[in-house]
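What the coordinates show
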Amino acid sequence: MNWWRWLTTPDPNPGYTTGKLLKLFVRVAVFAVLATLLSTLLMPTPVGKYLNTWWGSMLLVLVLYLPLMRFLSVDTFVPRRFQAPPSTNAAGKTVPSSTERRKEKNRYAGVRKAPPKYGGRR
């Protein structure tokens, strides 16, 4: 399996499994290695004297974190809406979820309805 795909795809198993914890550890380790490498490369430059301060290190980590934020915040857990299969009734037909029913109900909210067919109520 491609290690990058393994690292960036959510794990469908519930709870804190070994795989999820390993992925989290690898992501943090990759970030730490990149921050250390970038800091080492910037030391000989004029910026290096500022990297030896606490606020310079913090700025470097923040500047590095912004582009890597999406990578570090990959959801390790699959959202609940993707875990549960769609419910079915006794006839085997798919029953829409409450959010789907609400969405369909509100689809024409505020639109004037047509007059009743066949004379309305009697």
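Structure: see above.
The next point concerns the nonpolar core. In terms of nonpolar packing, the biggest core is built from six residues, these being L7, F31, A35, L64, F71 and L72. For this core, the secondary-structure elements that each account for two or more residues are α2 (18-42) and α4 (54-72). Take this core: its biggest share by element is three residues, from α4. Apart from residues no more than four positions distant in its own chain, F71 is found in contact with W4, L7, T8, R27 and V30.

What follows covers α4. The terminal C-alpha atoms of α4, which comprises 19 residues, lie only 23 Å apart, well short of the 27 Å expected from a rise of 1.5 Å per residue. If you look at α4, its biggest bend is around 55 degrees, right at L66, and the proline P67 turns up within four residues after that. Of the positions making up α4, those classed as buried are G56, L60, L64, F71 and L72. Buried-residue contacts for α4 involve α1 (3-8), α2 and α3 (48-51).

This part is about the environment of L51. The topology assignment puts L51 in helix α3. Put simply, L51 and T40 are 11 residues apart on the chain and 9.6 Å apart in space, counted from C-alpha to C-alpha. Contacts of L51, omitting those with residues within four sequence positions, involve S39, L42, M43, G56, S57 and L60.

Count 3.6 residues to each turn of an α-helix, and residues three or four apart come out pointing the same way. Taking 1.5 Å per residue, 25 residues should reach 36 Å; α2 reaches 36 Å between its end C-alpha atoms and fits that length. Among the residues making up α2, those that are buried are K20, K23, R27, F31, A35 and S39.

Further remarks concern the packing of α2 against α4. At a closest axis distance of 11 Å, the pairing of α2 and α4 adopts a crossing angle of 145 degrees. Considering how the two elements wind past one another, α2 and α4 form a crossing that is right-handed. Of the residues in α4, those in contact with R27, V30, F31, L34, A35, L38, S39 and L42 of α2 are L60, V61, L64, Y65, L68, F71 and L72. For the contact of α2 with α4, a count of residues per class yields 13 nonpolar, one polar and one charged.

Cut-offs used in this document
Residues numbered from 1 in each chain as written. Predicted model: local features only at pLDDT ≥ 70, side-chain atom pairs only at ≥ 80, totals over all residues. Heavy atoms only, no water. Core = buried A, V, L, I, M, F, W, Y, C linked by side-chain atoms within 4.5 Å. Buried < 20%, exposed > 50% of the residue type's maximum accessible area, 1.4 Å probe, protein only. Helix = DSSP H or I, 4+ residues; strand = E, 2+ residues; numbered from the N terminus. Contact = heavy atoms within 4.5 Å. Expected span 1.5 Å × (residues − 1). Bend = angle between axes of the 7 residues up to and from the residue. Axes fitted to C-alpha atoms, helices over the stretch in contact; angles between N-to-C directions. Left-handed = near helix turned anticlockwise from the far one by under 90°. Nonpolar A, V, L, I, M, F, W, Y, C, P; charged D, E, K, R; others polar.

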